[in-house]
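Each chain, letter by letter, is given below.
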Amino acid sequence: MPESQSGYAALADTLAGRGLDLARVKTALKQQHIETPSWGYGDSGTRFKVFAQPGAARTVEEKIADAAYMNRLTGIAPSVALHIPWDTAADWAALRQFAGELGIRLGAINPNLFQDDVYMLGSVCHPSAAVRQRARDHMIECCAIMQATGSDILSVWLADGTNYAGQDSIRARKHRLQETLAEVYPHLPPGSRMLLEYKFFEPAFYHTDLADWGMAYALCQKLGPQAEVLVDTGHHAQGTNVAHIVALLLDEGRLGGFHFNARQYGDDDLIVGSTNPWELFVIFSELVSAGEGAANVAYMIDQSHNIEPKLEAMLLSILNCQTALAKALIVDYAALRARQEAGDVLGSHLILADAFQTDVRPLLRQVRAEMNVPLDPLAALKADSYVQTVAAARGAAHAASSGYPGA
Ligand code: PSV
Ligand code: MN
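So, here's what we can say about the structure. Just so it is clear, the model here is predicted, and its values are computed rather than measured.

Criteria and cut-off values
- Residues numbered from 1 in each chain as written.
- Chains lettered and ligands numbered in written order.
- Predicted model: local features only at pLDDT ≥ 70, side-chain atom pairs only at ≥ 80, totals over all residues.
- Heavy atoms only, no water.
- Helix = DSSP H or I, 4+ residues; strand = E, 2+ residues; numbered from the N terminus.
- Rg over C-alpha atoms; globule rule 2.2 N^0.38 Å.
- Buried < 20%, exposed > 50% of the residue type's maximum accessible area, 1.4 Å probe, protein only.
- Contact = heavy atoms within 4.5 Å.
- Areas by Shrake-Rupley, 256 points an atom, 1.4 Å probe, with all protein chains shown as cover.
- Lys, Arg positive; Asp, Glu negative; His and termini not counted.
- Charge placed at Lys NZ, Arg CZ, Asp CG, Glu CD.
- Arc of directions from axis to C-beta.
- Polar contact = N/O pair within 3.5 Å; in protein donor to acceptor, adjacent residues only side chain to side chain.
- Donors = N, O, S within 2.8 Å, 3.2 Å for Na, K, Ca; no water.
- Tetrahedral: all angles 85-135°; square planar, octahedral: opposite > 155°, others 65-115°.
- Core = buried A, V, L, I, M, F, W, Y, C linked by side-chain atoms within 4.5 Å.
- Near = heavy atom within 4 Å.
- Nonpolar A, V, L, I, M, F, W, Y, C, P; charged D, E, K, R; others polar.
- Salt bridge = Lys/Arg side-chain N within 4 Å of Asp/Glu carboxyl O.
- Patch = residues over 30% accessible without salt bridge, like charges linked within 9 Å, V, L, I, M, F, W, Y side chains within 5 Å.
- Expected span 1.5 Å × (residues − 1).

### Examining the overall build of the chain
On a plain count of helices and strands, the chain comes out with 15 helices and ten strands. A globule of 407 residues ought to have a C-alpha radius of gyration of about 22 Å, and the chain, at 22 Å, matches this closely. Projected onto the principal axes, the alpha-carbon positions of the chain cover approximately 70 × 55 × 40 Å. A burial count over the chain gives 53% of its 407 residues as buried. Look at the contacts in the chain between residues 6 or more apart in sequence, and 78% of them connect residues 24 or more apart. Total accessible area computed for the chain in this model is approximately 17,800 Å², and 54% of it derives from carbon and sulfur atoms. Charge separation in the chain, taken as the distance between the mean sites of 32 positive and 45 negative side-chain charges, equals 1 Å.

### A look at unusual backbone geometry
Put simply, Ile84 and Pro85 share a cis peptide bond, and its omega is 10°. Omega for the peptide link from Glu202 to Pro203 comes to 5°, which places this bond in the cis form. Tracing the backbone shows Pro203 in the loop between β6 (193–197) and β7 (207–208). Its identity is not glycine, yet Glu202 carries a phi of approximately 65°, on the positive side. In this fold, Glu202 is placed in the loop between β6 and β7. Look at Asn372: it is not a glycine, yet its phi comes out positive at around 65°. Residue placement: Asn372 occurs in the loop between α13 (361–371) and α14 (377–383).

### Thoughts on helix α2 (residues 22–30)
For α2, every residue scored as buried is listed here: Leu22, Val25, Lys26 and Leu29. Looking straight down α2, one finds that the buried residues subtend no more than 95° of arc, so they occupy a single side. By the N-cap criterion, in which a side-chain oxygen at the helix start approaches the backbone nitrogen of a residue two or three places on, α2 is capped by Asp21, the distance to Ala23 being 3.0 Å.

### Comments concerning the coordination of the manganese ion (ligand 2)
On the protein side, the manganese ion (ligand 2) has Glu197 (OE), Asp232 (OD), His259 (ND1) and Asp302 (OD) as donor atoms, found 2.1 to 2.2 Å from it. In this structure, the manganese ion (ligand 2) is surrounded by six donor atoms whose angles at the metal cover 69 to 163°, and the resulting shape is octahedral. Residue classification places His259 among the buried residues on the basis of a relative accessible area of 2%. On the accessibility criterion, Asp302 (10% relative accessible area) is buried.

### Comments concerning the nonpolar core
Counting residues in each nonpolar core, the largest one holds 107 residues, and the members touching the most others are Met70, Leu196, Phe258, Phe284, Leu287 and Leu363. When residues of this core are assigned to their parent elements, the largest contribution, eleven residues, is made by helix α10 (residues 310–329). Residues in contact with Phe258, not counting those within four places in the same chain, are Leu230, Val231, Val246, Ile283, Leu287, Val297, Ala298, Tyr299 and Met300.

### Quick word on the site of ligand 1
Neighbouring ligand 1 are twelve residues, the closest being Glu197, Lys199, His235, Asp268 and Asp302. His259 has a polar side-chain atom sitting 3.2 Å from an oxygen atom of ligand 1. Within the side chain of Asp302, an N or O atom sits 2.6 Å from an oxygen atom of ligand 1. When isolated, ligand 1 has an accessible area of 310 Å², and the protein chains bury 96% of it. Per-class residue counts for the shell around ligand 1 are four nonpolar, three polar and five charged.

### Some remarks on the pattern of salt bridges
Across all of its chains, the model carries 19 salt bridges by this definition. Where Lys382 meets Glu312, a salt bridge forms, and the shortest distance between an N and an O atom there is 3.2 Å. Within this pair, whereas Lys382 is found in helix α14, its partner Glu312 is found in helix α10, the two being separated by 70 residues in sequence. Accessibility expressed as a relative area gives 55% for Lys382, which makes it exposed. Overall, the relative accessible area of 24% leaves Glu312 in the partly exposed class. Measuring nitrogen to oxygen at the nearest pair gives 2.9 Å for the salt bridge that ties Arg339 to Asp344. Given a relative accessible area of 33%, Arg339 falls into the partly exposed group. Among the charged side chains, a salt-bridge network with shared partners connects Asp160, Asp168, Arg173, Arg176 and Asp209.

### Describing a nonpolar patch on the surface
A grouping of Val345, Leu346 and Leu350 is seen on the molecular surface, where their side chains present a nonpolar patch of about 330 Å² in accessible area. Along the polypeptide, Leu350 turns up in helix α12 (residues 345–357).

### Points about the side chain of Gln322
By the element assignment, Gln322 lies in helix α10. The class for Gln322 is buried, based on a relative accessible area of 0%. Beyond its immediate stretch of four places on either side in the chain, Gln322 contacts Leu29, Gln32, Ile76, Leu364 and Arg368.

### A look at α10
The terminal C-alpha atoms of α10 lie 29 Å apart, and with 20 residues this matches the ideal 28 Å at 1.5 Å per residue to within 8%. For α10, the buried fraction is high: 17 of the 20 residues fall into the buried class.

Function cannot be inferred from these measures alone, as they are strictly geometric.
As structure tokens, then:
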């Protein structure tokens, strides 16, 4: 028996011994859906330098083509998030069709509320009513784009905040935030959601208007049932227990989605699972143990890679999410509950640790074989000519002067 098959057979035996239904585990893995961001395919950089990469996507069509390639390699990345106006189209319905022909969907629509000159002091919290109105109108325009693209998520992140105590009234800004978003809310297409993404720092450094999950949660409660919280794993202070936040929001029915990445220090652009595999695993364990309670959670990657080969980095990010889900699916939750109820501190912890330490690669190879995608997607990318072909066809775009993607 080949090594990979014997590995799978041994793992199947172990899981059967735990009373786990392997067919259900495989079905859940086949149904995983990780959305990739259009802004991860174009040139990007730090505020110090953008290094142009040969083959980096220059247009929204090229970004969609790259996202579709990720899906061909994995089978679990069937949609791409758009950022407006970094991504523009004269005809959104045609763009939707273009994506469909490549086998993917257009996903979350991200309004850009931070790049115009008028947003220097904020957008929806700005002291000027005219600026707030501009931000509101842009979000309403994004709701119309959602109708045309078939997107069901308006993903809102604000760069709003202040740099100095006394710069503005924090309470007045809170009221402006709520009032402006309440004006956008009725424009959400039926069945769609507004996801509110919090971040405790940057570009404002004294206070951020939507700084943490609690502020986002309170605002969602006020806006209505179509508003939910988005957890960007990179938007927390060092040491924050993100799995705890996830568990709490799941239990409150307000976890809308994720932006996955790994934050070593300041921002959110490292490959998810590269520095935080355990964190990612325990987050997925919370999601798996919530069952149907996690049915509507949207899983998105928010990374733009600056020195890494972009497609390989995105692929590795998707695969790390797949590995984390696989490990979370093989946790013996019945045994875990029993140990928890018995007050067995380390016995329960070790049940989680055991799943985390299990080599799930044979399982993933088996799932990929059944999905008709490459058994080793990273090796397939390297053996394939896609990266070289797009490098030859697109060349290196002129390096942007700003570090922000799309600038
Ligand atoms: C901000 O850091 C953020 O996480 C938001 O999701 C933005 O939309 C995205 O990055 C791109 O700048
Ligand atoms: Mn984000």
